[in-house]
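# Topology and contacts: notes
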Amino acid sequence: MELEDMRKLFPMFSKRQVVYFASCSYGPLSEPVKRALLKYMNDWESKGMNWDFWMEKYEELRSEAAKLLGASRDEIAIVSNVTSGLAAFATSLEYNGKKVVLSDLNFPTVGHVWLSQQRLGAKVSIVYSESWKISIDALEKVVDDNTIVLSEPRVCYQSGFTYSNIRALSKIAHEHGAYFVLDDAQATGVLDIDVKKADVDVLVTTTLKYLMGGAGVGIMYVRKDIVDDLSPLTTGWFGQEEPFAFDIHKLDYARSARRFETGSPAVPSILTSLESIKLIRNIGVKRIESRVKDLVKYATDLGLSHGMKVLSPKDEENMGPIFAFEHEDPHGLYEMLLDRGIVVSPRGPAVRVSFHFFNTKEEIELLFDNLRDLNVLR
Ligand SMILES: Cc1ncc(COP(=O)(O)O)c(C=O)c1O
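Here the structure is a predicted model, which is why all the values come from computation and not from measurement. (Residues numbered from 1 in each chain as written. Predicted model: local features only at pLDDT ≥ 70, side-chain atom pairs only at ≥ 80, totals over all residues. Heavy atoms only, no water.)

## Structural notes on the sheet that holds strand 6 (residues 179-183)
Ordered by their spatial adjacency, seven strands build an open sheet running 2-8-7-6-5-3-4, and the pairing between neighbours is mixed. In this open sheet, the two edge strands, each paired with only one partner strand, are strand 2 (76-79) and strand 4 (123-127). In this sheet, adjacent strand axes meet at a mean angle of 20° when their direction is disregarded. The strands touched by helix 4 (residues 51-69) are strand 2, strand 7 (202-206) and strand 8 (218-222); relative to strand 2, the strand with the most contacts, the crossing angle is about 120°. (Pairing = 2+ DSSP bridges. Helix = DSSP H or I, 4+ residues; strand = E, 2+ residues; numbered from the N terminus. Axes fitted to C-alpha atoms, helices over the stretch in contact; angles between N-to-C directions. Contact = heavy atoms within 4.5 Å.)

## A word on the site of the ligand
Every residue near the ligand is listed here: Asn81, Val82, Thr83, Phe107, Tyr157, Asp183, Ala185, Gln186 and Lys209. Side-chain polar atom of lysine 209 to an oxygen atom of the ligand: 2.7 Å apart, as the coordinates give it. Put simply, the ligand lies in the largest pocket. For the shell around the ligand, the per-class residue count stands at four nonpolar, three polar and two charged. (Near = heavy atom within 4 Å. Polar contact = N/O pair within 3.5 Å; in protein donor to acceptor, adjacent residues only side chain to side chain. 1 Å grid on protein atoms, 1.4 Å probe; cavity = no way out; pocket = protein on both sides within 12 Å on 5 of 7 lines; lining within 4 Å. Sits in = over half its atoms within 2 Å of the grid points. Nonpolar A, V, L, I, M, F, W, Y, C, P; charged D, E, K, R; others polar.)

## Some remarks on the pairing of strand 5 (residues 147-153)
A large share of strand 5 lies buried, amounting to seven of its seven residues. Sheet topology note: the strand 3 (residues 99-103)/strand 5 ladder contains four bridges and is parallel. Paired with leucine 102 across the strands is serine 151, a residue of strand 5. The sheet contact formed by strand 5 and strand 6 spans five bridges and is parallel. Bridge pairing in strand 6 links glutamate 152 to leucine 182. (Buried < 20%, exposed > 50% of the residue type's maximum accessible area, 1.4 Å probe, protein only.)

## Quick look at the pattern of salt bridges
Two side chains of opposite charge can pair, provided their charged atoms sit close to one another. Per the stated rule, a full pass over the model turns up 28 salt bridges. Notably, a salt bridge pairs arginine 62 with glutamate 59, separated by 2.7 Å at the nearest N-O pair. Here arginine 62 and its partner glutamate 59 are both found in helix 4, three residues apart, which amounts to about one turn of the helix. A relative accessible area of 28% places glutamate 59 in the partly exposed class. We note a salt bridge from arginine 255 to aspartate 252, for which the minimum N-O separation is 2.9 Å. (Salt bridge = Lys/Arg side-chain N within 4 Å of Asp/Glu carboxyl O.)

## Here we look at the domain arrangement of the chain
In terms of domain boundaries, the chain breaks down into domain 1 (3-21 + 284-373) and domain 2 (35-281). The straight-line distance from the C-alpha centre of domain 1 to that of domain 2 is 27 Å. Contact with domain 1, which involves 31 residues of that partner, is made by 22 residues of domain 2. Surface buried jointly by domain 1 and domain 2 totals about 2,100 Å² across both partners, of which 61% is contributed by carbon and sulfur atoms. Inspection of the region where domain 1 meets domain 2 yields two salt bridges. Aspartate 315 serves as the salt-bridge partner of lysine 133, at 3.6 Å between the closest nitrogen and oxygen. Linking domain 1 with domain 2 are eleven residue pairs in polar contact (both at pLDDT 80 or more), by the criterion used here. Counting residues per element, the ones that place at least two in the side of domain 1 that touches domain 2 are helix 12 (285-305), strand 9 (322-326) and strand 12 (350-354). Here the side of domain 1 that touches domain 2 gets six residues from one element, more than from any other, and that element is helix 12. The class makeup of the residues in the side of domain 1 that touches domain 2 is 17 nonpolar, seven polar and seven charged. (Domains from an automatic or database assignment. Buried area = accessible area lost by both parts, 1.4 Å probe.)

Written out as structure tokens, the structure is:
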């Protein structure tokens, strides 16, 4: 299907003519996702519980997520969000004073999870970025044989800095016998990944941003050959080999990544995430990535030509799905643009303009016309 036809599947564009640049915060609603939610409400109203159907969809979501990431089904855990997946992994480790290395490009939640492991004996070492950039060398200097984890995001939530070579990061970790953990929240759905080629040990992501499935579901990949070594402290019946054995006396972790699951899932979000991942796979992540990179380059060139304080990378190598610029009042500007039917995402000192398959160059030009009108451009 052509991208223009896919765009029509979003009421926000087909009915409301909104210009949406905020998928980095929350992806827009599509018709298939809306239908799944309506069916859920109807079923709930007419039948009450519908567990057989819900569990079937739960497992279908696992399969779809596996295909999206290039993993196998038994390497996927369905969790509530990035934080809970990461915390489950973090509590599986025996630290004994070993070091967790992460940069300040990470979303704060990642820092919180690792800092809380200090109680379990972890030492946390934060590598600082310069002008929102981290070089592989800077990480390489800090990761050593006493490192247990290197934990980085593929895309920085604030500046949009994007690692172009994930394999280079996993290589640094593996050379020192450490795990490599990737927070893919700002990338999954718009930037392609094959976890095997990237040699990632653990990937955590969310369905609420570029996957456009709404909040409530996190997807976690754990490499098959490390699963058996990991016993999370956060566990429960959904993480057991036989969840329906109802044996209160025995802790019997699932033999797969399912061991990182805990209790009853957020059913509506399972149903919406499934539909949205199917939609994304149908469009094709490689196709989305190439379009999004074109758009980000176009916006960056325009921004620089107008003398904007561009926070996102100026070199193509580290460009991702976000164009970000500094502004004295990001939230105020967000509200003014919202009044004009354009949605951007304020974050700290930055205004983030993020792209998905449905965005166009004409929309970027419209944004710049409005910025000029609002005296944001020189
Ligand atoms: C890179 C990144 N990681 C994690 C999160 C949030 O994680 P969670 O799904 O736990 O809310 C965000 C939210 O903006 C993010 O941008």
